[in-house]
Amino acid sequence: MDKVKVAILGGSGYTAVELIKLLLRHPGAEIVAITSRQAEHIADLHPSLLGRLDLRCEPFDPDALKAKGVQVVFGCLPHGTSMESIPPLLERGMRVIDLSADYRLRDVKVYEQWYKETHHDQKNLAQAVYGLPEVYGDKLAGAKLVANPGCYPQTAILGLAPLVANKLIELTGIVIDSKSGVSGGGRTPKLSFHFPECNESVTAYAVGTHRHTPEIEQALSDVAGAPVSVIFTPHLMPMDRGIFSTIYATPTRAVTEAELVELYRSYFADKPFVRLRTNPPATKDTTGTNFLDVCVKVVRGKVLVLAAEDNLVRGASGVAVQNFNRVFGFDERTGLM
Ligand SMILES: NC(=O)C1=CN([C@@H]2O[C@H](COP(=O)(O)OP(=O)(O)OC[C@H]3O[C@@H](n4cnc5c(N)ncnc54)[C@H](OP(=O)(O)O)[C@@H]3O)[C@@H](O)[C@H]2O)C=CC1
Ligand SMILES: CC(=O)N[C@@H](CCC(=O)OP(=O)(O)O)C(=O)O
């Protein structure tokens, strides 16, 4: 089988470099173009790629990408910018896996409420598939537009899916307390990510207003078949990468830990990237991998779920490759194990 010709948008960013490294190891993918506003060799933007990829970044030009035979474009751009770039790619018959948040929320009013921005591409929103393969896997084969999921939401959605699918917890008031490494904020400098600001310090941010709240609720409501509401609080941690979520829920009946462990084991049995742990996972156990580690406990009548992942791999570029595999019919583990 010929390799799938791939382009990446936003070449200088963190998710782009992670994606490039994954795709260089993928037997079915060939990177033929990387776009950037900076006309540089990719190894000048990311010296870790020196000797691994000989490609000069180019300006974004959908016709030029089409002329190179690009079949799928990975969008590694900020939200808002992404929805400006994607329509001309779809019009020219290229598939898109978008790492931004622009196509994740089905209801445009919800997007505009939480992102405080007007949505400019409602037409393509309708055909976007939310790219969380463990939940929406049957919709991904041949998809034209995949909305890659957010980093925090994956820990919450997969951490809670077995419980909400089986109506074992109350569907309102679920508490999700999450911590992220600083790379979650991207490479573009910002005061709160400046070393003296965030080193040796922990703080919560976007309390009650974080954009991932409706994304978590949308997917969990799909799994539950009923509305789910959560209280999601993200924290910035003085580390490079990794996300850890501690989730508290109220059971709808008396449950035992052994029963829940068995439920999780069977729910994730055919999901190779979710690892069930008997002790709390650590972010470092997942660094550089596409694994999402989950542990379920019962404490004083409450259900606790502990989940860890690498925000740049499982949280972004790794799950994007998992989606690529599903879209093009590769085994979903290809290039990721
Ligand atoms: N970091 C993470 O852990 C995760 C990130 N995401 C999402 O993935 C996307 C990329 O994130 P990440 O790689 O971290 O971000 P970065 O800030 O590291 O990179 C984004 C890149 O997009 C390009 N860019 C920035 N602003 C503009 C603009 N106004 N117009 C055109 N291009 C622009 C730049 O590339 P250049 O200068 O080369 O043009 C920039 O380096 C975002 O939507 C983010 O929310 C999703 C999950 C996790
Ligand atoms: C630490 C940090 O700042 N994290 C980012 C995570 C955003 C992200 O990566 O997800 P989206 O693609 O949905 O923007 C934040 O909270 O905005």
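These figures come from a predicted structure and were not determined experimentally.

Cut-offs used in this document
- Residues numbered from 1 in each chain as written.
- Chains lettered and ligands numbered in written order.
- Predicted model: local features only at pLDDT ≥ 70, side-chain atom pairs only at ≥ 80, totals over all residues.
- Heavy atoms only, no water.
- Near = heavy atom within 4 Å.
- Polar contact = N/O pair within 3.5 Å; in protein donor to acceptor, adjacent residues only side chain to side chain.
- Helix = DSSP H or I, 4+ residues; strand = E, 2+ residues; numbered from the N terminus.
- Nonpolar A, V, L, I, M, F, W, Y, C, P; charged D, E, K, R; others polar.
- Buried < 20%, exposed > 50% of the residue type's maximum accessible area, 1.4 Å probe, protein only.
- Contact = heavy atoms within 4.5 Å.
- Expected span 1.5 Å × (residues − 1).
- Bend = angle between axes of the 7 residues up to and from the residue.
- Pairing = 2+ DSSP bridges.
- Axes fitted to C-alpha atoms, helices over the stretch in contact; angles between N-to-C directions.
- Phe/Tyr/Trp six-rings, centres within 6.5 Å; stacked < 30°, edge-to-face > 60°.
- Salt bridge = Lys/Arg side-chain N within 4 Å of Asp/Glu carboxyl O.
- UniProt positions renumbered as here; feature names shortened; annotations may be inferred.
- Domains from an automatic or database assignment.
- Buried area = accessible area lost by both parts, 1.4 Å probe.

Colleague: Now, about the site of ligand 1: what can you tell me, with residues and values included?
Modeller: Neighbouring ligand 1 are 27 residues; Ser12, Thr15, Ser36, Leu77 and Arg187 lie closest to it. For ligand 1, an oxygen atom lies 2.7 Å from a polar atom in the side chain of Ser12. Contact distances for ligand 1 include 2.8 Å between an oxygen atom and a backbone N or O atom of Arg37. Listing elements by their share of the shell around ligand 1, those giving two or more residues are α1 (14-24) and α12 (313-328). Partitioned by chemical class, the residues of the shell around ligand 1 number 8 nonpolar, 16 polar and 3 charged.

Colleague: Explain the environment of Thr287 to me, and be specific about the residues and the numbers.
Modeller: Structurally, Thr287 can be placed in the loop between β11 (274-276) and β12 (292-299). Look at Thr287 and you get partly exposed, because its relative accessible area is 39%. With 45 residues separating them in the primary sequence, Thr287 and Gly242 have C-alpha atoms 6.9 Å apart. Not counting the four nearest positions on each side in its chain, Thr287 is found in contact with Arg241 and Asp310.

Colleague: I'd like a rundown of helix α8 (residues 151-165), residues and numbers included.
Modeller: If you check α8, its first and last C-alpha atoms are 21 Å apart, about what 15 residues at 1.5 Å a residue would give, namely 21 Å. Most pronounced at Gly159, the bend in α8 amounts to some 30 degrees, and the proline Pro162 follows within four residues. α8 sits mainly inside the fold: 14 of its 15 residues count as buried. Positive phi appears at Lys167, one or two residues downstream of α8, with a value of about 50 degrees.

Colleague: Let's hear about the sheet that holds strand β7 (residues 174-180): which residues, and what values?
Modeller: Taken together, 7 strands build an open sheet; the order of strands is β8-β9-β7-β10-β13-β12-β11 and the sheet is mixed. What marks the edges here is a single partner per strand, and that holds for β8 (203-204) and β11. As defined by bridge partners, β11 adjoins β12 across 3 bridges and the pair is classed as parallel. Directly across from Arg275, in β12, lies its bridge partner Asp293. The strands touched by helix α10 (residues 212-224) are β7 and β9 (230-236); relative to β9, the strand with the most contacts, the crossing angle is about 135 degrees.

Colleague: If you had to explain the packing of aromatic side chains to someone new, which residues and values would you point to?
Modeller: Taken as a whole and assessed by the stated rule, the structure comprises 9 aromatic pairs. Both rings, one in Tyr130 and one in Tyr136, keep their centres 5.6 Å apart while their planes meet at 90 degrees; by these two values the pair is edge-to-face. The same class applies to Tyr130 and to Tyr136, which are both buried. Aromatic pair Tyr267 and Phe268: ring centres 5.2 Å apart, planes at 85 degrees, arrangement edge-to-face.

Colleague: Tell me about the pattern of salt bridges, and name the residues and values.
Modeller: Scanning the model with the defined rule gives 18 salt bridges in all. Ionic pairing is found between Arg265 and Glu262, a salt bridge with its closest N-O pair at 3.7 Å. Of this pair, Arg265 and Glu262 are both found in helix α11 (residues 257-267), 3 residues apart, which corresponds to roughly one turn of the helix. Judged by its relative accessible area of 43%, Arg265 falls in the partly exposed class. In this structure Glu262 comes out as partly exposed when scored by relative accessible area, which is 46%.

Colleague: With reference to specific residues and values, describe the UniProt feature "active site" (unreviewed entry) in the protein.
Modeller: Feature annotation in UniProt places "active site" (unreviewed entry) on Cys151, given in this structure's numbering. Here Cys151 shows up in helix α8. With a relative accessible area of 15%, Cys151 lands in the buried category. Excluding anything up to four places from it in sequence, Cys151 contacts His212, Ile243, Glu309, Asn311 and Gly315.

Colleague: Can you lay out the domain arrangement of the protein for me, pointing to particular residues and giving the numbers?
Modeller: For the protein, the assigned domains read domain 1 (4-149 + 315-328) and domain 2 (152-311). The C-alpha centroid of domain 2 is placed 24 Å from the C-alpha centroid of domain 1. Listed per partner, the contact involves 23 residues of domain 1 and 27 residues of domain 2. Between domain 1 and domain 2, the buried area comes to about 2200 Å², and carbon and sulfur atoms account for 54% of it. On inspection of domain 1 and its partner domain 2, the count reaches 3 salt bridges.

Colleague: Give me the lowdown on the pairing of strand β10 (residues 243-249), citing residues and values where you can.
Modeller: With respect to burial, β10 is a largely interior element, 6 of its 7 residues being buried. Pairing of β10 with strand β13 (residues 302-309), which is carried by 7 bridges, proceeds in the antiparallel orientation. Of the residues in β13, the one forming a bridge with Ser245 is Ala307.

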